[in-house]
Structure formats: C-alpha cells, structure tokens
Amino acid sequence: MEETGNPHPYVPTDLLLPDYVPPFLSQSAILCIYGVASLVVLSTVWVSSGFSRKIAKLDRLLLCWWAFTGLTHLILEGYFAFAPEFYKDKSGFFLAEVWKEYSKGDSRYAARDSGVVSVEGLTAVFEGPACLLALYAIATRKSYSYILQFAISLGQLYGTAVYFITAYLEGDNFAASPHYYYAYYIGANASWVVIPSLIALRCWRKICVAVNVADQKKTKTKSR
C-alpha cells in the first residue's frame, strides 16, 4: 500500500509528512512572541552590562550578540535537532510552532534533511555553549576572549556556508513562495553571515596586534 501524508504548505507538495498538524499560532503571533523574547534577552544583557564601567559599548553589543546567538543555538536549534517529529505536535508548543512556520522558507527542516540536521545538531551542542562562554569571557576580560570569538565565528560561517551550498546543490527549491524564501531562508540567516564576519575580522586584528607586541617584547629582551 502506498504511503500517503497529510496535506501541508511545504515544497515539494509531494513531500510525505504523515500525521502533519498545522500550526496553531499565526505567522504574526509567532514572530511577535519570538521578537519580544529576543528583545527581553538583548535588553537584559545590555542593561546589566551597563553597570560595569570597565565594559566598552562595543563589548556590550558583543555581549548582546553572544547571548542572543547562544540561546538561539541551544534552545531553538537544539529543539529542532532532537525533536524529529515537531510537525506532528498537537499541543501548540511554541518551539514546534516556530519550526512549522520556518519550514515554509526551507522545507528541509520538516523533511529532516540529513545535512540540515547534522549542521543544526553540531551547532546546538558545540556552538551554543561556546557562545555563552564567549559572553563570560568578554564580561570578565579573559585572555582567551578573542581567540574564542574568532573560532566560534568561523564555525558559524562554516555552518551557514554548508547550509546555503547544500540547498543550492539540491536545487534551491524548498520555499513555499518568494516571500518565505527571502524573509526566512535569506533574511533570517543573514545575521549569521554579516555579524560573524565582522567579529572574525576584528578578532583577527586584535590577535595579530597581540602577537606583534609579544614578539617586540621578546626582541627587546634578547637585545639586552
């Protein structure tokens, strides 16, 4: 007997999703809740970091980024990686609702594409905690702060590149409409291209300066 799936809004239309349950929340409700939650995290980190005069404004912005991206990796992507049947959720659980909605921009999530699952799983397990460690390192002015931020940023850029390249190689036809393609697939992931690139460049320069200073000190010490 041929297996059939419930009707769904994803592309391709013949994608089999047995027992698919449509989202309970509207797109605007999902985006609003996500936006408010993100704003609470960013505001909390920004305000709390302002009590320390030792933390520069740029570092405070970095603290906000690492808190936001770290929690995104751990909570949102972690749920996806370890909840393979989120599209069957009947409880209205918010994280399941988010992925049902996002899959309209990239149906590989609903289809449990092995490449996507691998990237998201590794990101959640390794980069999520590392981002929070970077937050701690900046706040406490640890010596490993720059090399840690550099490494995480490279990891994020690599994961994002794999994400986009695999979609391209597979035909890049996973969005329900151009609106979802540009809003979710492109727009929602743009931050993980632009911001890690800027952080990586900054950290590279800081590390190079530190190495040059250390080399100059060694040269002066030997010349004495």
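Note that the structure is predicted; figures quoted are calculated from it, not measured.

Rules and cut-offs
- Residues numbered from 1 in each chain as written.
- Predicted model: local features only at pLDDT ≥ 70, side-chain atom pairs only at ≥ 80, totals over all residues.
- Heavy atoms only, no water.
- UniProt positions renumbered as here; feature names shortened; annotations may be inferred.
- Helix = DSSP H or I, 4+ residues; strand = E, 2+ residues; numbered from the N terminus.
- Contact = heavy atoms within 4.5 Å.
- Expected span 1.5 Å × (residues − 1).
- Buried < 20%, exposed > 50% of the residue type's maximum accessible area, 1.4 Å probe, protein only.
- Salt bridge = Lys/Arg side-chain N within 4 Å of Asp/Glu carboxyl O.
- Patch = residues over 30% accessible without salt bridge, like charges linked within 9 Å, V, L, I, M, F, W, Y side chains within 5 Å.
- Areas by Shrake-Rupley, 256 points an atom, 1.4 Å probe, with all protein chains shown as cover.
- Axes fitted to C-alpha atoms, helices over the stretch in contact; angles between N-to-C directions.
- Parallel < 35°, antiparallel > 145°, perpendicular 65-115°, else oblique.
- Nonpolar A, V, L, I, M, F, W, Y, C, P; charged D, E, K, R; others polar.

Side note on the UniProt feature "domain: EXPERA" (unreviewed entry) in the protein chain
- Taking the UniProt record as the reference, the feature "domain: EXPERA" (unreviewed entry) is found at residues 58-200.
- Secondary structure content for residues 58-200 is 76% helix and 0% strand, and the end C-alpha separation is 14 Å.

Looking at the side chain of Thr-123
- Here Thr-123 shows up in helix H4 (residues 114-139).
- Apart from residues no more than four positions distant in its own chain, Thr-123 is found in contact with His-73, Glu-77 and Gly-128.

Describing helix H5 (residues 145-169)
- In a regular helix each residue adds 1.5 Å, so 25 residues correspond to 36 Å; H5 covers 36 Å between its end C-alpha atoms and thus fits that length.
- Along H5, the residues that are buried comprise Ser-145, Leu-148, Gln-149, Phe-150, Ile-152, Ser-153, Gln-156, Gly-159, Thr-160, Tyr-163 and Ala-167.
- Positioned one or two residues after H5, Gly-171 has a phi angle of 110°, which is positive.

Focus on helix H1 (residues 27-49)
- Taking 1.5 Å as the rise per residue, H1 with 23 residues should run 33 Å; its terminal C-alpha atoms sit 33 Å apart, in good agreement.
- Listed in full, the buried residues belonging to H1 are Ile-30, Ser-38, Val-45 and Ser-49.

Section: the environment of Trp-46
- With respect to the secondary-structure elements, Trp-46 resides in helix H1.
- A residue is classified by how much of its surface remains accessible, and Trp-46, at 31% relative accessible area, is partly exposed.
- Taking C-alpha positions, Trp-46 is 25 Å from Gly-155, a pair spaced 109 residues apart along the chain.
- Excluding residues within four positions of it along the chain, Trp-46 makes contact with Lys-57, Arg-60, Leu-61 and Cys-64.

Observations concerning the pattern of salt bridges
- Scanning all chains against the criterion turns up five salt bridges.
- Between Asp-59 and Arg-202 there is a salt bridge, and its shortest N-O distance comes to 3.7 Å. With Asp-59 in helix H2 (residues 57-82) and Arg-202 in helix H6 (residues 178-223), this pair connects stretches of sequence that are 143 residues apart.
- Note on Asp-59: relative accessible area 16%, which makes it buried.
- Note that Lys-88 and Glu-85 form a salt bridge whose closest N and O atoms lie 3.2 Å from each other.
- A relative accessible area of 24% places Lys-88 in the partly exposed class.

What to know about a nonpolar patch on the surface
- Taken together, the side chains of Trp-46, Val-47, Phe-51, Leu-58 and Leu-61 define a hydrophobic patch exposed on the protein surface, amounting to about 530 Å² of accessible area.
- When contributions to the nonpolar patch are tallied by element, the ones reaching two or more residues are H1 and H2.
- Tracing the sequence through the fold places Phe-51 in the loop between H1 and H2.
- Residue classification places Phe-51 among the exposed positions, given a relative accessible area of 70%.

A word on the packing of H2 against helix H3 (residues 94-102)
- Running from N to C, H2 and H3 point in directions that differ by 75°, and their axes come no closer than 10 Å. Put simply, H2 runs roughly perpendicular to H3. When H2 is examined against H3, the residues Ile-75, Leu-76, Glu-77, Tyr-79 and Phe-80 are found in contact with a partner set consisting of Leu-95, Ala-96, Val-98 and Trp-99.
- For the contact of H2 with H3, a count of residues per class yields eight nonpolar, no polar and one charged.

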